Amino acid sequence: MADMVKKGADGAALLEASGLVPLRELPEFRQAVRERAPTGEVTIAPVGEPGTVLLVRGTVADSAGKPVPGALLYAYHTSAKGWYSDRAPHVQSVGGQGGDIEHARLFGYVRTDAHGNFVLRTIRPGGYPRSTLPQHIHWHLSIAGKEVAAGEIWFDDDERLTKAMREQATRGVAILEPKQQ
């Protein structure tokens, strides 16, 4: 990793380097990826990651609808098995919330482009084992170094996504309709 950083590799290159996959859970690696967040697009899932390929496109806009360039988006999620780690399933915290914000193996940082747009290339996450929570991708948004919003992306066709959850979805929750490519 140090050699790649010295050569100017951005966070996307660090995440895409197959030899660095074992480092993904280390704080030093995560910090290097964050500090070198690419603009516009990032690949979260490493080559060969089992699961359905997923492409998430979004735009960050202010309250007046004006695009926000340079915003930092942090996204993370489980594997297709519903695990944050590659060694064991996730253990839910009290109340079943929280995810694994600091150690999820599948994560990425990306800055929005000049039009406020971003793209996440990844796989569709699995739901937590032994849970009724829907499949989801966690996201946190920072502007000018300050976290301003956080939420989840859910999937419209997820059988765990109940009518009550849909009705109670609040700001910060996006429900995506999967499209065939």
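Located above this text is the structure these notes cover.
Just so it is clear, the structure is predicted and the values come from calculations on it, not from any experiment.

Thresholds, definitions, all that
Sequence order as written defines residue numbering, which begins from 1 separately in each chain. Reporting of local features is limited, given that this is a predicted model, to residues whose pLDDT is at least 70; pairs of side-chain atoms are given and counted only at 80 or more, and all residues count toward the totals for whole chains, interfaces and linings. Each side-chain value is derived from all of the structure's non-hydrogen atoms; neither hydrogens nor water enter the calculation. Relative accessible area decides the class of each residue, using a 1.4 Å probe on protein chains only: under 20% of the type maximum gives buried, over 50% gives exposed, and in between gives partly exposed. Only DSSP runs of H or I reaching four residues or more are called helices, and only runs of E reaching two or more are called strands; each is numbered from the N terminus. Between any two strands, at least two bridges found by DSSP are needed for them to pair. Identification of polar contacts relies on pairs of N or O atoms within 3.5 Å, with a donor-acceptor requirement for protein atoms, meaning one able to donate a hydrogen and the other able to accept it, and with residues adjacent in sequence counted only if both atoms are side-chain atoms. Note on definitions: angles span 0 to 180 degrees between N-to-C directions of axes, and those axes are lines fitted to C-alpha atoms, for helices only across the stretch in contact. In this description, contact between two residues means that some pair of their heavy atoms is separated by no more than 4.5 Å.

## As for unusual backbone geometry
- Even without a glycine there, the phi angle at Arg130 is positive, about 55°.
- With relative accessibility at 74%, the residue Arg130 sits in the exposed group.
- Even without being a glycine, Ala144 presents a positive backbone phi close to 55°.
- Inspection of the secondary structure puts Ala144 in the loop between β6 (137-143) and β7 (146-155).
- Judged by its relative accessible area of 82%, Ala144 falls in the exposed class.

## Focus on the pairing of strand β2 (residues 53-59)
- Here β2 shows one buried face, formed by Leu54, Val56 and Gly58, and one open face, formed by Val53, Leu55, Arg57 and Thr59.
- Pairing analysis gives seven bridges linking β2 to strand β5 (residues 117-123), with the strands arranged antiparallel. Bridge assignment links Gly58 to a residue of β5, and that residue is Phe118.

## A short note on the side chain of Arg124
- Tracing the backbone through its elements, the reader meets Arg124 in the loop between β5 and β6.
- Taking relative accessible area as the criterion, Arg124 reaches 18% and is therefore assigned buried.
- Looking at Arg124, its side chain comes within polar contact range of the side chain of Asp157, at 2.7 Å.

## So, the sheet that holds β7
- One open sheet accounts for five strands, arranged β4-β3-β6-β7-β8; its pairing is mixed. Looking at the sheet topology across the chains shown, the edges are occupied by β4 (106-111) and β8 (173-176). The sheet shows a mean angle of 20° between the axes of neighbouring strands, direction not considered.
- Bridge analysis of β6 against β7 gives seven bridges, and the strand direction is antiparallel. From the neighbouring strand, Ser142 faces β7, where its bridge partner is Glu147.
- The strands touched by helix α3 (residues 27-35) are β3 (72-77), β4 and β6; relative to β4, the strand with the most contacts, the crossing angle is about 25°.

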